[in-house]
Amino acid sequence: MDVDADDYSCLLQSLKRRRALTSDELRVIAEHDMDDHQGMHCVEEDALDAELLQAQVQTEELEEEEEDDEMDCDLEPRRASEGRPLGLDLGSVRRAVRLTTSVMLREIDFFMLFFTQAIVADICGFTNRQGWELVLNRASYAGVEGVWNEVTPDEFYRFMGLLIYMGFHVLPDMHRYWGTKSLQGSWARSFMSRDRFKALLAALHVVDPATEDNQDRLKKLRYLMDHLKQKCQELFQPNQNLAIDERMVKSKGRSGLKQFMKGKPTRWGFKLWVIATSDSGYTLDFNVYTGSRDGRVTDLATKVVEALIQPYKDQGYNLWMDNFYTSPALMVTLRQIGINACGTCRINRKKFPEEFKDVKTWERKTDRGDMRWCRVEDGILVIQWKDTRAVTCLSNFHNANDSTNVTRLVKKDATWSSLVVRQPAVISDYNKHMGGVDRSDQMISSYNVLQKTQKWWKTLFFHFIDIAVVNSFLLFQEWQHSQAGDKHRLADYSHITFRENLSRQLAGLDIHASSPSHSLKPVASSFHVTHTPELQKSANNCWLCYRKSRIQRKTKFACMAPECNGKRFCIVQSRNCFRAWHSAECDQFCAEA
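Residues numbered from 1 in each chain as written. Predicted model: local features only at pLDDT ≥ 70, side-chain atom pairs only at ≥ 80, totals over all residues. Heavy atoms only, no water.

- Taking an unreviewed UniProt entry as the reference, the protein chain is identified by name as PiggyBac transposable element-derived protein domain-containing protein belonging to Synaphobranchus kaupii.

This is how it looks when you write it as structure tokens:
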């Protein structure tokens, strides 16, 4: 590229005005400077080179910022160490929903931060592929034309809305949601038909079969699970206190991943390792426990904690754990990576001080409120405090002398009285900050969307929906607090209200819509013509064949008598279910109907 002296002078004047130069302009100046120094002194030349280098760096930074603005919101999340503000990441929310003004968003906008349109479109593609294979074996899942009706993202959002609705409007079984008898029925008809819901539930697939790794025990969920975990960390920067604990997802199905935990309210199910915020219960990350194929895992608790706490090291976070995880060695490891940790501890841990293992003897000799403490390796605090029983805690950042007063009710001579006892700050802080995962479990279990299923991975898929709903509810609350001046901000907004509005918005229902009614088919009034077969336009399952042998046979003949209520019956050469139904041989089935 040729340039004369006048052009070179213009470029230098632009540089003096601190205008950002393009890469071509910088290359022109560099090439021209190599050919002709324009009679500059060496000192002036070095100064110009420094300014050129600084201008080039500034130009590259501007280009990177422009590229970042054009990037899609589904890219890698920003790390907490990059200076993200605590709490809801408003920038990520606005980019995710393509929002430029700070207005009040709907509940569905926050839910779609987790189940984005891109991930739902992929799930629809996987489900449609499975659906076409399904109708070849089970014709009952096909549409009227005998083919699979492909699911769209809008229909899949309605499907998830119906699952959320079933979570807070519980009926004994699924069929009653579409029941036509008195005291049955619900809003389920406004979402989709019963047959369509069963078809989507049967064909549901959340991972591409072509990319499944046979060595991965979670291959049926890996794609969706990785996406959801990324979104949980991307949209929220936690406050100082974090808690790690187990979570059980209820299931009694046949699966090698099913676990038994005696001390949990849900004893049978899938175990998840969860890290959540202590103040709100927001789920930041989780891992599904898949067991070990190589025998017993040594130091499992340490590996679990290190995997979950990795994004938050060297940032001054406080981590709270129960006695399953806590050990002196783990406390030392967490201190080395910049994590303040505290938790209850079992006395049989390695490197636990021998003089503190006589807990039973010490309990009998001490009064309520007494304590003892010592320092072990690398200054880890070991403290035991007598309440009703002895409590043992480990901490790598607490002071043993800090304490507070608590009130306990004691019974003496059949009389209850209040007793003020001294409690170490370690115990007080642990009781205050440990319940983050339990708080999240409580919100999930109140209105969970779990449905009975024979596929183990679908149970975890339902749980993933619950995680997304609870997290979006907490983000919605955080957004309300940040928009305190908004006139439309809701006061005392509850979890059940959020689920109701979210389910309504996913289905596209108006808040003042009338309840769906089921119109019965018209029946004849004359007794002599009611119990006669009538040919209908569409085919349906024969009522008697299904009751006798659970076989689904399509027929267009129906009995429109009030006692039969439009039931379909086969009338073919090999069998006459219509005649058999109205005879004495089917009295037992008539009683069941």
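**Topic: the overall build of the protein chain**
Alright, step 1. Across its full length, the protein chain carries 21 helices and 16 strands.
Alright, step 2. Here the protein chain holds 593 residues, and 43% of them are scored as buried.
Alright, step 3. Partitioning the intrachain contacts of the protein chain with sequence separation of at least 6 by distance along the chain shows that 61% fall at a separation of at least 24. (Helix = DSSP H or I, 4+ residues; strand = E, 2+ residues; numbered from the N terminus. Buried < 20%, exposed > 50% of the residue type's maximum accessible area, 1.4 Å probe, protein only. Contact = heavy atoms within 4.5 Å.)

**Re the nonpolar core**
Alright, step 1. Core analysis: the largest hydrophobic core is formed by 111 residues, its most contacted members being F156, F197, L319 and F461.
Alright, step 2. At 15 residues, the largest contribution of residues to this core is made by helix 16 (residues 456-482).
Alright, step 3. Leaving out residues up to four positions away in the same chain, F197 has contacts with F159, L162, L163, M166, M174, W178 and M192. (Core = buried A, V, L, I, M, F, W, Y, C linked by side-chain atoms within 4.5 Å.)

**Quick look at helix 9 (residues 194-203)**
Structural remark: α-helix, 3.6 residues per turn; residues separated by three or four positions point the same way.
Alright, step 1. Turning to helix 9, its buried residues are R196, F197, A199, L200, L201 and A203.
Alright, step 2. Elements that come into contact with the buried residues of helix 9 comprise helix 6 (117-137), helix 7 (153-168) and helix 16.

**Observations regarding the sheet that holds strand 16 (residues 567-568)**
Alright, step 1. Reading across the sheet, the 3 strands line up as 14-15-16 and stay open at both edges, with antiparallel pairing between neighbours. Sheet topology places strand 14 (533-541) and strand 16 at the edges, where each strand pairs with a single neighbour.
Alright, step 2. Inspection of the sheet shows strand 15 (residues 554-559) paired to strand 16 by 2 bridges, in the antiparallel sense. Pairing of C559 across the sheet is with K567, part of strand 16. (Pairing = 2+ DSSP bridges.)

**Section: the packing of aromatic side chains**
Alright, step 1. Evaluated as defined, the whole model comprises 28 aromatic pairs.
Alright, step 2. With a centroid separation of 5.8 Å and 50° between ring planes, the pair formed by F476 and F498 is classed as tilted. Taken as a pair, F476 in helix 16 and F498 in helix 17 (residues 495-507) lie far apart in primary sequence, 22 residues in all. Grouping residues by exposure puts F476 and F498 together as buried.
Alright, step 3. Grouped by ring-pair contacts, the aromatic residues F156, F159, Y165, F168, Y177, W178, F191 and F197 constitute a single cluster.
Alright, step 4. The cationic tip of K271 hangs over the ring face of Y289; the distance from NZ or CZ to the ring centre is 5.4 Å.
Alright, step 5. Directly above the ring of W543 sits R547, whose terminal nitrogen or CZ lies 4.0 Å from the centroid. (Phe/Tyr/Trp six-rings, centres within 6.5 Å; stacked < 30°, edge-to-face > 60°. Lys NZ or Arg CZ within 6 Å of the ring centre and 35° of its normal.)

**Some details on the pattern of salt bridges**
Two side chains with opposite charge may pair up if their charged atoms get near one another.
Alright, step 1. Tallied over the full model, the rule gives 16 salt bridges.
Alright, step 2. Residue D285 pairs with K229 through a salt bridge whose shortest N-O separation is 3.8 Å. Of this pair, D285 sits in strand 6 (residues 283-288) while K229 sits in helix 10 (residues 222-234), placing them 56 residues apart in sequence. Accessibility classification places D285 together with K229 in one group, the buried group.
Alright, step 3. The salt bridge involving R372 is made with D358; its shortest N-O contact spans 3.1 Å. Of this pair, R372 sits in strand 9 (residues 371-375) while D358 sits in the loop between strand 8 (340-344) and helix 13 (359-365), and the two are 14 residues apart along the sequence.
Alright, step 4. What makes R372 buried here is its relative accessible area of 16%.
Alright, step 5. Among the residues examined, D358 registers a relative accessible area of 36% and is labelled partly exposed.
Alright, step 6. Several salt bridges share partner residues, and in doing so they unite D216, R222 and D226 into one network. (Salt bridge = Lys/Arg side-chain N within 4 Å of Asp/Glu carboxyl O.)

**Observations concerning the side chain of S255**
Alright, step 1. Within the element layout of this structure, S255 appears in the loop between strand 3 (241-250) and strand 4 (258-260).
Alright, step 2. Within the structure, S255 has its side chain in polar contact with the backbone nitrogen of L257 (distance 3.2 Å).
Alright, step 3. The contacts of S255, once residues within four sequence positions are left out, are F270 and W456. (Polar contact = N/O pair within 3.5 Å; in protein donor to acceptor, adjacent residues only side chain to side chain.)

**Things to note about the pairing of strand 15**
Alright, step 1. In the sheet, strand 14 pairs with strand 15 via 5 bridges, with the strands oriented antiparallel. Within the sheet, the bridge partner assigned to N540 lies in strand 15 and is T555.

**Some thoughts on the packing of helix 10 against helix 16**
Alright, step 1. Between helix 10 and helix 16, the shortest axis-to-axis distance is 11 Å and the interhelical angle comes to 15°. In terms of axis orientation, helix 10 runs roughly parallel to helix 16. Helix 10 and helix 16 meet at a crossing whose hand is left-handed. For the pair helix 10 and helix 16, the contacting residues are L224, M225, L228 and C232 in the first and F461, F464, I467, A468 and N471 in the second. (Axes fitted to C-alpha atoms, helices over the stretch in contact; angles between N-to-C directions. Parallel < 35°, antiparallel > 145°, perpendicular 65-115°, else oblique. Left-handed = near helix turned anticlockwise from the far one by under 90°.)

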